[in-house]
Amino acid sequence: MRLHCYFAIELKGGDFQPEYAGKLSFYISAIDGTMRTPVDGPTIGLLLCESRSGPIVEYALQNLVQPIGVSTYRVTRELPEPVREELPSVEDLQDVVKKLHSEIETLRKEQSGEE
């Protein structure tokens, strides 16, 4: 919110490919053309790949005018402790889904006159 801009984030499996930068640039242009308002800052693109080569990324981004960053990610089954503490448990999420499902069913019955 502080930046007041949109983010286009793309997750790719495998190594960085130069064409990924062009595709992300297209997505940024589409967001700017359809959603961005005069008060919004430039849309920022973030491309996440399993691995990347510095020179290839530099050449791929060299002539693009949009703000685009490329980074790597690592897949893990365990969330880091600080993140795990902030997120709801699977059980908490299941309880929320059950409650919402029950509320939706109640609303459907009320609207159709079944009580």
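Details of the structure are given in the entry above.
Residues numbered from 1 in each chain as written. Predicted model: local features only at pLDDT ≥ 70, side-chain atom pairs only at ≥ 80, totals over all residues. Heavy atoms only, no water.

1. Let's talk about the overall build of the protein chain
Counting secondary structure elements, the protein chain contains four helices and three strands. In terms of C-alpha radius of gyration, the protein chain reaches 21 Å, well past the compact-globule figure of 13 Å for 115 residues. When the backbone C-alpha atoms are referred to their principal axes, the protein chain occupies close to 65 × 40 × 25 Å. For the protein chain, the residues scored as buried account for 19% of the 115 residues in total. Relative to all contacts within the protein chain whose residues are 6 or more apart in sequence, the contacts with residues 24 or more apart total 64%. (Helix = DSSP H or I, 4+ residues; strand = E, 2+ residues; numbered from the N terminus. Rg over C-alpha atoms; globule rule 2.2 N^0.38 Å. Buried < 20%, exposed > 50% of the residue type's maximum accessible area, 1.4 Å probe, protein only. Contact = heavy atoms within 4.5 Å.)

2. Some points on the environment of leucine 107
Secondary-structure assignment places leucine 107 in helix H4 (residues 90-112). Considering only alpha carbons, one finds leucine 107 and valine 97, 10 residues apart in sequence, at a separation of 15 Å.

3. Considering the pattern of salt bridges
A complete count under the given rule lists three salt bridges for this structure. Note that glutamate 10 and lysine 12 form a salt bridge whose closest N and O atoms lie 2.9 Å from each other. As a salt-bridge pair, arginine 108 and glutamate 105 come within 3.0 Å of each other at their nearest N and O atoms. Taken together, the residues span about one helical turn, with arginine 108 and glutamate 105 both in helix H4 at a distance of three residues. We classify glutamate 105 as partly exposed; its relative accessible area is 29%. (Salt bridge = Lys/Arg side-chain N within 4 Å of Asp/Glu carboxyl O.)

4. Quick look at helix H2 (residues 54-61)
Restricting attention to buried positions, one finds in H2 the residues Val57, Ala60 and Leu61. Looking straight down H2, one finds its buried side chains confined to an arc of 90 degrees; they lie on one side. In H2, the exposed positions that point more than 90 degrees away from the buried face belong to Glu58 and Tyr59. Taken together, the buried residues of H2 touch helix H1 (18-34) and strand E3 (68-72). (Arc of directions from axis to C-beta.)

5. A short note on the pairing of strand E1 (residues 7-11)
Here E1 shows one buried face, formed by Ala8 and Glu10, and one open face, formed by Phe7, Ile9 and Leu11. In this structure, E1 lies alongside strand E2 (residues 44-49), joined through five bridges in parallel fashion. In the sheet register, alanine 8 faces E2, and the bridge partner there is glycine 45. The β-α-β motif built from E1, the intervening H1 and the parallel element E2 has right-handed crossover chirality. (Pairing = 2+ DSSP bridges. Right-handed = clockwise from strand over helix to strand, strands pointing away.)

Interpretation in functional terms is not warranted from these geometric data alone.
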